[in-house]
Number of protein chains: 2
Amino acid sequence: MNLRKQQGTSSIALEKPVYIQSAASIAGKKEGEGPLGNCFDMICEDPLFGTDTWETAESTMQKEAALLAIGKAGLKPEEIRMVFAGDLLAQSIASSFGIAEMGIPFYGLYGACSTMGESLSLGAMAAAADYGDHILCATSSHFASAEKEFRYPLGYGCQRPLSSTWTVTGSGACVLGTQPPSFRSEGDSMPLRKGRCCAAITEITTGRLVDFGLKDSLNMGGCMAPAACDTIYQHLFDFGRTPSDYDAIVTGDLGSIGQKILLDLLSEKNVDIRQVHQDCGMLIFDSQAQDTHSGGSGCGCAAVVLCAHLLPNILSGKWKRILFVPTGAMLSKVSFNEGTPVAGIAHAVVIEQKQVS
Amino acid sequence: MNLRKQQGTSSIALEKPVYIQSAASIAGKKEGEGPLGNCFDMICEDPLFGTDTWETAESTMQKEAALLAIGKAGLKPEEIRMVFAGDLLAQSIASSFGIAEMGIPFYGLYGACSTMGESLSLGAMAAAADYGDHILCATSSHFASAEKEFRYPLGYGCQRPLSSTWTVTGSGACVLGTQPPSFRSEGDSMPLRKGRCCAAITEITTGRLVDFGLKDSLNMGGCMAPAACDTIYQHLFDFGRTPSDYDAIVTGDLGSIGQKILLDLLSEKNVDIRQVHQDCGMLIFDSQAQDTHSGGSGCGCAAVVLCAHLLPNILSGKWKRILFVPTGAMLSKVSFNEGTPVAGIAHAVVIEQKQVS
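Given the structure is predicted, the values throughout are model-derived calculations rather than measurements.

Caption draft 1: Seen up close, the overall build of chain A. What chain A contains, in helices and strands, is eleven helices and 16 strands. Relative to its length of 357 residues, chain A is compact, with a C-alpha radius of gyration of 19 Å against a globular reference of 21 Å. Overall, the C-alpha framework of chain A stretches about 55 × 50 × 35 Å when taken along its three principal axes. Per-residue burial over chain A gives 68% buried out of 357 residues. Only carbon and sulfur atoms are counted for the fraction: they give 50% of the accessible area of chain A, which is about 11,700 Å².

Caption draft 2: A look at the relation of the copies chain B and chain A. Taken as rigid bodies, chain B and chain A are interconverted by a rotation of 180 degrees and an axial shift of 0.0 Å, the fit giving an RMSD of 0.0 Å. Such values leave the two copies arranged in the relation of a two-fold axis. Interface residue correspondence from chain B to chain A reaches 100%, placing this contact among same-surface, isologous pairings.

Caption draft 3: Summary view of the pairing of strand β3 (residues 82-87) of chain B. All names here are of chain B. β3 sits mainly inside the fold: six of its six residues count as buried. Residues of β3 alternate between two faces, with Met82, Phe84 and Gly86 on one and Val83, Ala85 and Asp87 on the opposite face, all of them buried. Sheet topology note: the β3/strand β5 (residues 135-141) ladder contains six bridges and is parallel. Across the sheet, Gly86 pairs through a bridge with Thr139, a residue of β5.

Caption draft 4: The arrangement of empty space enclosed by the protein in detail. Residue and element names in this part refer to chain A. Considering all chains together, one arrives at five cavities of 30 Å³ or more under this definition. Taken as a whole, the largest cavity holds about 120 Å³ of empty space. Contributing to the lining of the largest cavity are 14 residues, with Leu88, Cys113, Phe150, Arg151 and Met220 lying nearest its centre. Residue classes in the lining of the largest cavity are distributed as nine nonpolar, four polar and one charged. Considering only enclosed or pocket space, the second largest cavity measures out at about 100 Å³ in volume.

Caption draft 5: Structural view of the pattern of salt bridges. All names here are of chain A. By the definition in use, this model includes 22 salt bridges over all chains. Residues Asp130 and Lys16 are paired through a salt bridge, measuring 3.1 Å at the closest nitrogen-oxygen approach. Taken together, the residues Asp130 in the loop between α4 (115-128) and β5 (135-141) and Lys16 in strand β1 (residues 11-28) connect sequence positions 114 residues apart. Residue classification places Lys16 among the partly exposed positions, given a relative accessible area of 30%.

Caption draft 6: Broad picture of the packing of aromatic side chains. Residue and element names in this part refer to chain A. Enumeration over the complete set of coordinates arrives at four aromatic pairs over all chains. A ring pair is formed by Phe84 and Tyr107, whose centres lie 5.4 Å apart and whose planes are at 20 degrees; its orientation type is stacked. Here Phe84, found in strand β3 (residues 82-87), pairs with Tyr107, found in strand β4 (residues 106-109); they are 23 residues apart in sequence, far enough to count as distant. Each member of the pair, Phe84 as well as Tyr107, carries the same accessibility label: buried. Stacked on the ring of Trp166, the Lys or Arg Lys30 has its end atom at 4.2 Å from the ring centre. Seen from the ring of Tyr246, Arg321 lies directly overhead, with NZ or CZ sitting 5.5 Å from the centre.

Caption draft 7: Spotlight on the environment of Arg208(A). Looking at where Arg208(A) falls in the secondary structure, it is placed in the loop between β9 (197-205) and α6 (220-239). Separated by 95 residues in the primary sequence, Arg208(A) and Ala303(A) place their C-alpha atoms 20 Å from one another. Every residue in contact with Arg208(A), bar those within four places of it in the chain, is listed here: Ser10(A), Asp230(A), Gln234(A), Gly344(A), Ile345(A), Gly103(B), Ile104(B) and Pro105(B). Among the polar contacts made by the side chain of Arg208(A), one reaches the side chain of Asp230(A) at a distance of 2.8 Å.

Caption draft 8: Inspection of the packing of helix α2 (residues 54-72) of chain A against helix α5 (residues 143-150) of chain A at higher detail. Residues and elements named next belong to chain A. For the pair α2 and α5, interaxial distance at closest approach is 8 Å and the crossing angle is 135 degrees. Overall, the two elements α2 and α5 adopt an arrangement that is oblique. Regarding α2 and α5, the two cross each other, and that crossing is left-handed. Taken together, the residues of α5 that come into contact with α2 (itself represented by Trp54, Glu55 and Glu58) are Ala144, Ser145 and Lys148. Residues that form the contact of α2 with α5 fall into these classes: two nonpolar, one polar and three charged.

Caption draft 9: The arrangement of the interface of chain B and chain A in detail. Taken together, the contact between chain B and chain A spans 64 residues of the former and 64 residues of the latter. Three residues, Gln91(B), Tyr107(B) and Tyr131(B), lead the burial of chain B against chain A; their summed loss comes to 16% of the area buried on that side. On the surface where chain B and chain A come into contact, there are two salt bridges. A salt bridge links Glu338(A) to Lys148(B); the shortest N-O distance between them is 3.0 Å. Connecting chain B to chain A are 22 residue pairs in polar contact (both at pLDDT 80 or more). When residues of the side of chain B that touches chain A are assigned to their parent elements, the largest contribution, six residues, is made by helix α4 (residues 115-128) of chain B. When its residues are assigned to classes, the side of chain B that touches chain A shows 31 nonpolar, 20 polar and 13 charged.

Caption draft 10: A look at the state of the cysteines. Counted according to the given criterion, the structure contains zero disulfides over all chains. Take Cys137(A): it sits in no disulfide, and the sulfur closest to it among the cysteines is that of Cys174(A), at 6.8 Å. Summary of cysteine pairing: Cys39(B) is not part of a disulfide, and the nearest cysteine sulfur, belonging to Cys307(B), is at 12 Å. For Cys39(B), a relative accessible area of 33% puts it in the partly exposed group.

Caption draft 11: Spatial organisation of the side chain of Thr169(A). Residues and elements named next belong to chain A. Mapped onto the elements of the fold, Thr169 is located in the loop between β6 (166-167) and β7 (170-177). Judged by its relative accessible area of 9%, Thr169 is buried. Setting aside chain neighbours within four positions, we find Thr169 in contact with Ile26, Ala27, Gly28, Glu31, Phe49, Met61, Ser141, His142 and Phe143.

Caption draft 12: Quick look at the side chain of Glu352(A). Residues and elements named next belong to chain A. By secondary structure assignment, the location of Glu352 is in strand β16 (residues 348-355). This buried residue, Glu352, is left without a salt bridge; Arg321 holds the nearest opposite charge, at 4.0 Å. In terms of polar contacts, Glu352 uses its side chain to reach the side chain of Thr202, at 2.7 Å. Look past the residues within four positions of Glu352 in its chain and what remains in contact with it is Cys198, Ala199, Ala200, Thr202, Ile314, Lys320 and Arg321.

Scoring rules and cut-offs
Residues numbered from 1 in each chain as written. Chains lettered and ligands numbered in written order. Predicted model: local features only at pLDDT ≥ 70, side-chain atom pairs only at ≥ 80, totals over all residues. Heavy atoms only, no water. Helix = DSSP H or I, 4+ residues; strand = E, 2+ residues; numbered from the N terminus. Rg over C-alpha atoms; globule rule 2.2 N^0.38 Å. Buried < 20%, exposed > 50% of the residue type's maximum accessible area, 1.4 Å probe, protein only. Areas by Shrake-Rupley, 256 points an atom, 1.4 Å probe, with all protein chains shown as cover. Least-squares fit on C-alpha atoms with pLDDT ≥ 70 in both. Contact = heavy atoms within 4.5 Å. Pairing = 2+ DSSP bridges. 1 Å grid on protein atoms, 1.4 Å probe; cavity = no way out; pocket = protein on both sides within 12 Å on 5 of 7 lines; lining within 4 Å. Points joined across faces, edges and corners; volume = space filled by probe spheres on them. Nonpolar A, V, L, I, M, F, W, Y, C, P; charged D, E, K, R; others polar. Salt bridge = Lys/Arg side-chain N within 4 Å of Asp/Glu carboxyl O. Phe/Tyr/Trp six-rings, centres within 6.5 Å; stacked < 30°, edge-to-face > 60°. Lys NZ or Arg CZ within 6 Å of the ring centre and 35° of its normal. Polar contact = N/O pair within 3.5 Å; in protein donor to acceptor, adjacent residues only side chain to side chain. Axes fitted to C-alpha atoms, helices over the stretch in contact; angles between N-to-C directions. Parallel < 35°, antiparallel > 145°, perpendicular 65-115°, else oblique. Left-handed = near helix turned anticlockwise from the far one by under 90°. Buried area = accessible area lost by both parts, 1.4 Å probe. Disulfide = S-S within 2.5 Å. Lys, Arg positive; Asp, Glu negative; His and termini not counted.

Read these as spatial facts, not as claims about activity.
Below you can see the structure in the form of structure tokens.
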């Protein structure tokens, strides 16, 4: 089955597995107090990350996550062949400022909260085609910079509807390559490997923009669920699989309301993912105790949950194969104010446990 | 020379030529009155493109350019395997709304005015790796949506310093693939081919973010020139070439002031591109007669000049090999107001004339 060129498909079966050589996550204080608090590499208590502005805080966080991932792989920045990164801010300034200083060939992305899926997809495509030994994929979001960008000044203390999600302050970064991760000479690196177990990207399904006509920017789960449905359905169709072929199908940040809609939409297509579905937005916060309503969101949400929770579950042997499906809502404050609907997009990557020698 | 994986390089020599199977350009009224006015596929006299807002106007223009390029290649949208597109607006809404309706697997980019270079680079990498037979690369900018996004309300009638550039209203789109463009059954397609002559992307050099500490958003040429210098120098170094190996080295939108800085910076490195340098921002307007000061800018500038002027010169045999180097300035109104410097980036692609049977 040559899926790569096949018309009508949205999927690529990579010619060789692309290993996630290392993964790093940095999260904010609130995320550190949530259910995954013990899993992050670093929790920063200062929401400004020692800087003067929310935007610089986010840039700094993303750069630190990138440096951490590079270091864990036992590499130096100059050994990274190219980086795929993006964020939620206008003109992706969190990515272009932080990582700028590292001098790595740079491809800027915009995929809203699906960015980790987009960057892993493009990074894996590039690695599998031998365009580089080490490729960095990174993204971030910050509660305060996102509120400023999309909603109201924090000082207003606006009430949030129950459908709203809480933008995660966090950044995740992965180094990809076709060689399995290995311990480098110094011995102080922490590649993504447990004994012979590694995690590798083997397949990708590229998302399409799906517009259901929803206009409510405080119900992002509802706006993104149709896109998640489209990508998951297309993925299963392209590979001729059923949900039971996966130990987990993990969407990005639909939250509890978006999850209900996704399950309903897939039911209408006779696909039942109830047994295996999880959502990063629901995993990262205890939404009752932490008052985050529908759940967590933001590019950083799927990224840090992947690096801190999903990948360790693959290494530990709990899961052999998962479908990771970050979801994004395409809107800006300008398009929102102009009454344009919020289209969604979801990029899926298959991550499998691989035994290496 | 295996440039693909080589550490320290920023370049990739593609395994096989990636043909530009078709190219389309749509421009606004002012661009239509400029020196290249006769070359565009379509000139729209109505700056709103029949819509209600500048953003929707830009979306519409980009979608029309994409459809035109797809049609010229004799294809239907469903035959496009994936699209790489982006624009200048916050959250890239011009790209995510217009092209959304076409239902093509979509990768959103943000590379400021370097976006055509970024999309052609990623599109060529994907095509050369056999990830799809037909890959669409598109971008756009619109004078009014860009002024609204970055500067002042048009109604203020602000004076513009002489270092400023005029954002081009225009959109360019190309269909890429490893098969040479051919006339399809219907006979009404207009692939990018003249007899046996075609244009193909053969090499790419990925840009790095270069920050010279400049903070003047009304001197974008100055902010981007160091990045153009970095990419051009790195490209020549990676391939062991001199400027005379190119019939033209064409930067994106440095304008006349940025050009001077670029030539100076390269002189300091003992590289002289004076004989072959051109700049899309200087080609598109008669800056004296059209009062555009330093020249044209915006993602659409390099894109429409490529499609309407550079590619035809390659097909006609005037040029055998050019280096196309769109340049971008990484800023947002937030980062500008916070006093952050404007980093630049430039992505280069080599486009060569190929004779096919």
